[in-house]
Amino acid sequence: MRILNFMSPNNSENTTENTATTDSSVTSSSADGIADKSGNKFRRSTSAPKTLSTAPTAETQASIAKALQAVLDGDFPEAREETRGLLADPDILPRTDLDLEQSRARTTEHLQRVLECGMPKHAFRADQGGTGETGRCLTSIEMLGHADLSLMVKSGVQWGLFGGAVGNLGTERHQEMVGKLMNLEALGCFAMTERGHGSDVQQLETTATYDAETQEFIINSPTASAEKWFIGNAARDGRWAAVFAQLIVPDAKNATEADDAPAAESGATEASSGAQTESQGVHCLLVRIREDDGSPIDGVRIGDHGHKGGLKGVDNGTISFDNHRVPREALLNRFADVDEAGNYTSPIENPNRRFFTMLGALVRGRVTVGAAAGAAARTALDIAVTYANLRRQFAPDDSLPENRLIEHRWHRLRLIPRVARAYGLQFATNKLIARVHELDQRGVEPTEYTKEQQADQREVEAHAAALKAANTAHATDTIQEAREACGGAGYMAENLLTTLKADSDVFTTFEGDNVVMMQLAAKELMTGFAKELGGLNPMEMVRFGLDSFGNLLRRRTAADALIQNLVDTFSDSEETSLFDPAYQINLLNEREDRLMRSLARRLRPARKMDVDEAAKVVDRAQDHLLAVGWAHVDRIIFEAFVEAESKLDSEDAQRVLEQVRLVYFLSCIVDNASWYLEQNLLTGTRTKAARAALNDLVDSLGPWSQTLVDAFGIPDHITDLKLMEGYEAMVPKYESDPAAGQEG
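Cut-offs used in this document
As a convention, each chain's residues are numbered from 1 in the sequence order in which they are written. Local features in this predicted model are restricted to residues of pLDDT 70 or higher, and side-chain atom pairs are both shown and tallied only at a pLDDT of 80 or more, whereas totals for entire chains, interfaces and linings draw on every residue. Note that the side-chain values use all heavy atoms of the structure and ignore hydrogens as well as water. Only protein chains enter the accessibility calculation, which uses a 1.4 Å probe; a residue is then buried when its area is under 20% of its type maximum, exposed when over 50%, and partly exposed in between. In this text, helices come from DSSP runs of H or I with a minimum length of four residues, and strands from runs of E with a minimum of two, each type numbered from the N-terminal end. For two strands to pair, DSSP has to find at least two bridges joining them. All axes here are fitted lines through C-alpha atoms, helices being fitted over the stretch that makes contact, and every angle between N-to-C directions spans 0 to 180 degrees. In what follows, residue pairs with any heavy atoms lying within 4.5 Å of each other are defined as contacts. We call two N or O atoms a polar contact when they sit within 3.5 Å, provided that within protein one can donate a hydrogen and the other can accept it, with sequence-adjacent residues counted only if both atoms are side-chain atoms. An angle counts as roughly parallel when it lies under 35 degrees, as roughly antiparallel when it exceeds 145, as roughly perpendicular when it falls between 65 and 115, and as oblique in every other case. Take the far helix as the reference: if the near one is turned anticlockwise from it by less than a right angle, the crossing is left-handed, and if turned clockwise, right-handed. Under the grouping applied here, Gly and all other residues not named as nonpolar or charged are polar, the nonpolar ones being Ala, Val, Leu, Ile, Met, Phe, Trp, Tyr, Cys and Pro and the charged ones Asp, Glu, Lys and Arg. Each direction from the helix axis to a C-beta atom contributes to the arc, which is the arc of those directions. Nine residue types can take part in a nonpolar core, namely buried Ala, Val, Leu, Ile, Met, Phe, Trp, Tyr and Cys, and a core is a set of them joined through side-chain atoms within 4.5 Å.

A. Broad picture of the pairing of strand β3 (residues 188-191). Side chains of β3 alternate between two faces, with G188 and F190 and C189 and A191 buried alike. The pairing of β3 with strand β7 (residues 240-250) spans 4 bridges and is classified as parallel. By the bridge assignment for β7, F190 is matched with A242.

B. Examining the sheet that holds strand β6 (residues 228-231) more closely. Taken together, the 3 strands give an open sheet; going across it, the order is β6-β11-β10, and neighbouring strands pair in antiparallel fashion. The sheet is open, and its two edges are formed by β6 and β10 (300-304), each paired on a single side. Here the average twist between neighbouring strands, direction ignored, is 25°. As defined by bridge partners, β10 adjoins strand β11 (residues 317-321) across 5 bridges and the pair is classed as antiparallel. When the bridges of β11 are listed, R301 appears paired with S320.

C. Fine view of the side chain of E142. Within the secondary structure, E142 is located in helix α4 (residues 134-144). Sequence-distant contacts of E142, that is, excluding residues within four places in its chain, are made with R80, A371, A372, A375, R378, Q426 and I433.

D. Spotlight on the side chain of R106. Relative to the helices and strands, R106 is located in helix α3 (residues 100-116). Polar contacts involving the side chain of R106 include one to the main-chain carbonyl oxygen of L93, which spans 3.0 Å. With residues up to four places along the chain from it excluded, the contact list for R106 reads D91, I92, L93, P94, R95 and L98.

E. Quick look at the environment of Y664. Structurally, the position occupied by Y664 is in helix α20 (residues 651-671). If sequence neighbours within four positions are ignored, Y664 has contacts with A420, R421, V633, D634, I637, F638 and F641.

F. Spotlight on the packing of helix α5 (residues 149-169) against helix α9 (residues 363-390). Two numbers describe how α5 lies on α9: the axes approach to 10 Å, and their chain directions differ by 165°. Classified by the angle between their axes, α5 and α9 sit roughly antiparallel to one another. When the axes of α5 and α9 are compared, the crossing they make is right-handed. From α5, L149, M152, L161 and N168 reach across to α9, where they touch R364, G365, T368, V369, A372 and A376. The class makeup of the residues in the contact of α5 with α9 is 6 nonpolar, 3 polar and 1 charged.

G. Up close: helix α6 (residues 175-182). Looking only at α6, the buried set comprises M177, V178, L181 and M182. Seen from one end, α6 has its buried residues packed into an arc of 130°, which puts them on one side. Of the surrounding secondary structure, the elements contacted by the buried residues of α6 are α3, α5, β7 and β9 (276-288).

H. Representation of the nonpolar core. By size, the foremost hydrophobic cluster in this structure holds 176 residues, and its most contacted members are L68, L169, F244 and Y423. For L169, the residues in contact, after removing those within four places along its chain, are G164, F244, C284, L332, N333, R334, F335, M358, A361 and L362. Counting residues in each nonpolar core, the second largest holds 26 residues, with A191, A234, A241 and A330 among its members.

Rendered as structure tokens:
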């Protein structure tokens, strides 16, 4: 490749002669080492890397793939290996020849296989009969996304969502149910989303009204829009549901004034008995919805969504309630309870904080959705890159053999930058899973969190939201590109890509719409995780003030020493190479910080407006808020790259991963070149040279592309598909799958 010189934008030469390596697998360039708190050393190079070997040996490729897999596997490699063992069975892959009922039945049967591998126990605390190894559970569910997203979703609903609700929102009185659902003796649903409300959970319409005479909650769907929709496990298998509803209890304050003041004046509502009541907001109850034989319980009406755009093995359905009574103990009462007389109590006084504390206990579902989408994208990249290294098309000359697809630059440009982003997203997701695990291991009740622990929790929730959006958007883009990169073969269902595409499509909108998720992440970033904004709505957020962005709280991680050292060593950008990681982090930080400051200026006038006018100001800045979120994602992915590089012992693997990081970084610059030009942070000469450098890097990594996807550690049989048949091993279709009437 060319060695690009970015030491100064005034250099008369932007490139030098092509320098190739022929006598070793990788070449070195000048570098300094920076160590983090754990002693991991990051190889800092400020010059352009040289071309990697165009003909690496099989031994070298295998060695580097193994080293890269070690950092990609993250903090829970044992969980990945356990799940790889499960995925090694060819029968685990989805089948396209089954009808709807057969697909659903097969997925449910496979849940037993997941149970046998031990994953579900990691989702629950030791006192609940589990191991409390949260990170292992999240990693295992992620791994299912490599092969069968229906099985991943079904597992996530049973043990992550339904199980997470009962296990994390319930108390000792729900312990028996935890044991049953853990062992598949009780299949359940997570009944939050309604036809009228999905993202805006606080406005759910389902009601759970307490009847003190019978000590029961009466659950109702008062409108058609209150019907629970898209509920996994509801159409066929679910016998129980964790139902989110507005909790309505006797209004103790107004009870003595019921005869003197109408409900409209007292701020309360009136139940059918005439008693004054009040809503305590959305809470969760454990509700039986089916008998053992599968028939609906009286007062419960269940619908079937039937065929969807994908996920044929998941039985999504609807649930409505008509005066369905459940015992008082059905309330999952970790954060609030109702006594026999109907008195409501909670250790958290602020209703907004109570609500968000409840949702915060369910963050695992969001983490696994994003992580599994990333796994599906990696499978698609493995298929597309392997195919590109096998399939030949077009020769430079009739006397020469046809080139492999990967030998065409545009093919490299469509795949390798996506491989680089897949690496970065996996590194960042690994850090998120490790952080969730770390916080869970503290064993501190959310009601007893210190200010710092509350900030930690909000940070995790924000990063879970941001990476859920980033991973699922990446999957949607990457799986489509992989499908196209495989041509007509990619469109054949036998080659898995169309199934991955169909099954992953909904991931961008379930467990949190991506637009809403990125806004949530950006809000937390903009407020610096300040305690005062933990329960504020957007209007209150504006009025709180957004002037202190220079002092935003940045949470500390194990990689902080590396990142801080890079920031501290940054010097004049006019004399700095774009290949210098210190300059790279500076450019990504500048984009994030400048976007935050300019957004603050846009929102400031709303502070003195009434609610309606302020809402218009905030709405007009929504695109800006999303830009802040995406800039933040780009930065945390880059920082995760740096940390991963520092953990590599192999210098050869470091040099390969360095080039993968450079592809990721330069893609960020090229994709946002107009912004950098508008802000005068980069000249046109530099953005043009960045694009040229990106071209050179994908050329350098082309011969290593198979190594890069091998490092994903996906079991071979998952990608051992029909389109992978070598030219010498090709079997005519009329032999393998003869058409009707075709003689053998």
